[in-house]
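Secondary and tertiary structure notes
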Amino acid sequence: MRPEIHFTPIRNWMNDPVGLIYFQGNYHLFYQYFPYEKYWGTMHWGHAVSKDFIRWQHLPIALYPSRLEDCNGCFSGSAAEDGGKMYLFYTGVHYDKVKKDNIHVSENGLFTSCQIGMISSDGFSFDNNEKNY
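Everything numeric here is computed off the predicted structure, so don't read it as measured data.

1. Looking at the pattern of salt bridges
Within the structure shown, the criterion is met by two salt bridges. Note that aspartate 52 is salt-bridged to arginine 55, the shortest N-O span being 2.4 Å. Residue glutamate 107 is joined to lysine 97 by a salt bridge in which the shortest nitrogen-to-oxygen separation is 3.4 Å. Here glutamate 107, found in the loop between strand S8 (102-106) and strand S9 (111-120), pairs with lysine 97, found in the loop between strand S6 (85-95) and strand S7 (98-99); they are 10 residues apart in sequence, far enough to count as distant.

Structure below.
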């Protein structure tokens, strides 16, 4: 049975919210998400919108690993509005070496992280394949 008020994704693993913003008439919720299994894995950002914080519309994944700097995950960050555009800022992670039996884990505990930004004019479209910020 699904909770009636507490937000949960349609399926699989989620963790903490990473961005909550009111933008162009909607509350946007972004959250750490592993869309492929019911356990922790390479982080993506799930996305949902609501007008009332009770009824949520599930949307396609907003951020997913798509470049060297975030190939092992799009981790914590935030959302902000400026000049009619939505800005998403997140921590991209690149492992020094992945475990052979579990690509979602660093073999030696070493990784590089950096801050990455995305810009969206509508709050629904994010270009993960371009360095648009």
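So that's the structure; there's more coming.
2. Focus on the side chain of aspartate 70
Among the structural elements, aspartate 70 can be located in the loop between strand S4 (56-63) and strand S5 (74-82). A polar atom in the side chain of aspartate 70 sits 2.7 Å from the side chain of tyrosine 90. Not counting the four nearest positions on each side in its chain, aspartate 70 is found in contact with Tyr64, Pro65, Tyr90, Gly92, Val93 and Ile116.

3. Considering the pairing of S4
Two elements, strand S3 (residues 44-50) and S4, share five bridges in a ladder whose sense is antiparallel. Across the sheet, residue alanine 48 finds its bridge partner in S4, namely histidine 58. Counted between consecutive antiparallel strands, the loop separating S3 from S4 contains five residues, among which phenylalanine 53 sits at a positive phi close to 65 degrees.

4. A look at the pairing of S5
As judged from the seven bridges shared by S5 and S6, these two strands associate in the antiparallel manner. Within S6, the position partnered with glutamate 81 by the bridge is methionine 86. In textbook terms, the turn of a hairpin is the stretch between consecutive antiparallel strands, and for S5 and S6 this stretch comprises two residues, one of which, glycine 83, has a positive phi near 60 degrees.

5. Here's the deal with the packing of aromatic side chains
Enumeration over the complete set of coordinates arrives at 13 aromatic pairs. Between tyrosine 22 and tyrosine 27, the aromatic rings sit 4.8 Å apart at their centres with planes inclined by 55 degrees, giving tilted as the arrangement. The exposure class assigned to tyrosine 27 is partly exposed, which follows from its relative accessible area of 26%. Between tyrosine 87 and phenylalanine 89, the aromatic rings sit 6.3 Å apart at their centres with planes inclined by 10 degrees, giving stacked as the arrangement. Among the residues examined, phenylalanine 89 registers a relative accessible area of 34% and is labelled partly exposed.

6. Looking at the sheet that holds S5
Taken in spatial order, the three strands make up an open sheet running S5-S6-S9, and their pairing is antiparallel. Sheet topology places S5 and S9 at the edges, where each strand pairs with a single neighbour. Averaged over all pairs of adjacent strands, the angle between their axes in this sheet comes to 20 degrees, without regard to strand direction.

7. Some thoughts on the sheet that holds S4
If you walk across this open sheet you meet the four strands as S1-S2-S3-S4, and the pairing is antiparallel. A strand with exactly one partner marks an edge of an open sheet, and here the two such strands are strand S1 (13-23) and S4. Averaged over all pairs of adjacent strands, the angle between their axes in this sheet comes to 25 degrees, without regard to strand direction.

8. A look at the side chain of asparagine 26
On the secondary structure map, asparagine 26 appears in strand S2 (residues 26-34). For asparagine 26, a relative accessible area of 12% gives the class buried. A polar side-chain atom of asparagine 26 sits 3.3 Å from a polar atom in the side chain of lysine 51. Discounting chain neighbours no more than four positions away, the residues touching asparagine 26 are Ile21, Val49, Ser50, Lys51 and Phe124.

Conventions used here
Residues numbered from 1 in each chain as written. Predicted model: local features only at pLDDT ≥ 70, side-chain atom pairs only at ≥ 80, totals over all residues. Heavy atoms only, no water. Salt bridge = Lys/Arg side-chain N within 4 Å of Asp/Glu carboxyl O. Helix = DSSP H or I, 4+ residues; strand = E, 2+ residues; numbered from the N terminus. Polar contact = N/O pair within 3.5 Å; in protein donor to acceptor, adjacent residues only side chain to side chain. Contact = heavy atoms within 4.5 Å. Pairing = 2+ DSSP bridges. Phe/Tyr/Trp six-rings, centres within 6.5 Å; stacked < 30°, edge-to-face > 60°. Buried < 20%, exposed > 50% of the residue type's maximum accessible area, 1.4 Å probe, protein only. Axes fitted to C-alpha atoms, helices over the stretch in contact; angles between N-to-C directions.

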